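Here are the chains, one letter per residue:
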Amino acid sequence: MCRLFGMTTGGPRVRATFWLLDAPDSLRAQSRRMPDGTGLGWFSLGEEPVRDRAPVAAFRDADFNAEARHVVSHTFISHVRYASTGAPDVHNSHPFVMDDRLFAHNGVVRGVDVLDSWLTDVDRALIQGQTDSEFMFAYITAEIRRRGDTASGLIAAVRRIAAELPIFALNILLAESGRLWALRYPDTHELWVTTPHLTEPGAEHHLGAGREQGRVKVAAHREPTPACVLASERLDDDPGWRLLDAGELLLVDGMEASSLFPFDAPAHPLTAADLSGAESTSQA
């Protein structure tokens, strides 16, 4: 399946090199199993979203490796792709950009034609590729515009998608300048979070996100970066990783993290047996 990566510091600009390239299970390492595309998104000094994408694996992409080492930002979204809908193509590679937001998706949502029917010509003009992910982002963007609030629009869009379309998995990352939303829905695929490392490696720090709190040790090989990191799989063996609950919508705003559980179970859930050959391979 595709892999997601998100990171935000809430303000300070840092590099994401460790997580993207150097961690024991970095995104570059994961891309050896995800050959169909790679992308990295961040926010410029003018707080505008920037992204670079290519229809090749991250470990083969010189631009991805250079940007992972040199780009500084307070918020990153990255994605490595195993195609299920839409051919390997730069326009089908994540992350996508609409209305100053970055977006990436992992999973399968059927009914692109239905999603398209929910869009106006203005909404549809933002779409460049053929993926269920980009059509879904266009609809989420339209709902955010209509409601004037990102969280309300995101929740309304996902609720309608879950009520009317067949869903296998809908794990998403959505970023604005300084704010990051993460959704694990339902429980088909994992999505993990580790909270800020405000102390030196080996020192204790507090877990504040989600339903549980505790005290853990920071792995000695980690950089002491004050950042919240999200990933489809744990990028190292640090015990501070927490698996998001099914249906959990996590908002990281600055350095404050909060969780909502605003979704019912999908009305039309897909199982692995329902998937096509290409879908099944991409979601394994």
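Residues numbered from 1 in each chain as written. Predicted model: local features only at pLDDT ≥ 70, side-chain atom pairs only at ≥ 80, totals over all residues. Heavy atoms only, no water.

Undergrad: Explain the nonpolar core here, please?
TA: The nonpolar side chains of a soluble globular protein tend to be buried, and buried together. M136, I161 and L170 are the most contacted members of the largest nonpolar core, which totals 32 residues. Breaking this core down by element, the ones donating at least two residues are β5 (96-98), β6 (101-109), α6 (132-147), α7 (150-164), β7 (167-176), β8 (179-183) and β14 (249-253). In terms of residues, this core owes the most to one element, α6, which gives seven residues. (Core = buried A, V, L, I, M, F, W, Y, C linked by side-chain atoms within 4.5 Å. Buried < 20%, exposed > 50% of the residue type's maximum accessible area, 1.4 Å probe, protein only. Helix = DSSP H or I, 4+ residues; strand = E, 2+ residues; numbered from the N terminus.)

Undergrad: Sorry, what's going on with the packing of aromatic side chains here?
TA: To describe a pair of aromatic rings, one takes the distance between the centres and the angle between the planes. Overall, the coordinates contain five aromatic pairs when judged by the stated rule. Summarising the aromatic geometry, the rings of F103 and F137 are spaced 4.5 Å apart at their centres and angled 5 degrees between planes, so their arrangement reads as stacked. Remark: F137 occurs in helix α6 and F103 occurs in strand β6; sequence separation between them is 34 residues. On the accessibility criterion, F103 (0% relative accessible area) is buried. Taking the relative accessible area as the measure of exposure, F137 reaches 0% and is therefore buried. Summarising the aromatic geometry, the rings of W118 and Y139 are spaced 4.9 Å apart at their centres and angled 55 degrees between planes, so their arrangement reads as tilted. A residue pair is termed long-range when its members are at least 10 positions apart, and W118 in the loop between α4 (112-117) and α5 (121-124) and Y139 in helix α6 qualify at 21 residues. In this structure an aromatic cluster arises from ring pairing among F18, W19 and W241. (Phe/Tyr/Trp six-rings, centres within 6.5 Å; stacked < 30°, edge-to-face > 60°.)

Undergrad: Just to check I follow, could you spell out the sheet that holds β5 for this structure?
TA: Backbone-to-backbone hydrogen bonds pair the strands of a sheet. The strands run either parallel or antiparallel. Spatial strand order, β5-β6-β7-β8-β14-β15: six strands in an open sheet with antiparallel pairing. Here the strands that pair on one side only, and so sit at the sheet edges, are β5 and β15 (256-260). The average undirected angle you get between the axes of adjacent strands in this sheet is 20 degrees. One ladder, built from eight bridges, connects β6 with β7; its direction is antiparallel. (Pairing = 2+ DSSP bridges. Axes fitted to C-alpha atoms, helices over the stretch in contact; angles between N-to-C directions.)

Undergrad: For this particular structure, what's the right way to read the sheet that holds strand β12 (residues 228-231)?
TA: Reading across from one edge, β3-β2-β4-β1-β12-β9-β13 is the order of the seven strands in this open sheet, with antiparallel pairing throughout. With one partner strand each, in any of the chains shown, β3 (49-54) and β13 (242-243) form the two edges of the open sheet. Bridging between strand β1 (residues 3-8) and β12 involves four bridges; their strand directions are antiparallel. By the bridge assignment, T8 is partnered in β12 with C228. Relative to the sheet, helix α3 (residues 62-70) contacts β2 (37-43), β3 and β4 (75-81), its axis offset from that of β2 by approximately 30 degrees. (Contact = heavy atoms within 4.5 Å.)

Undergrad: What's the story with the pairing of β12 in this structure? I'm lost.
TA: Taken residue by residue, a regular strand's side chains alternate between the two faces of the sheet. By the alternation rule, side chains of β12 split into C228 and L230 and V229 and A231, which are all buried. Bridging between strand β9 (residues 192-194) and β12 involves three bridges; their strand directions are antiparallel. Across the sheet, W192 pairs through a bridge with A231, a residue of β12.

Undergrad: What should I look at first to understand the pattern of salt bridges in this one?
TA: Two side chains carrying opposite charge are able to pair once their charged atoms lie near each other. The final tally for this structure, using the stated rule, is 12 salt bridges. Between E176 and R101 there is a salt bridge whose closest N-O contact spans 2.7 Å. With a gap of 75 residues between them, E176 in strand β7 and R101 in strand β6 connect regions that are remote in the sequence. Residue R101 is classed as buried on the basis of its relative accessible area of 11%. One salt-bridge network, held together by shared partners, links D99, D123 and R145. (Salt bridge = Lys/Arg side-chain N within 4 Å of Asp/Glu carboxyl O.)

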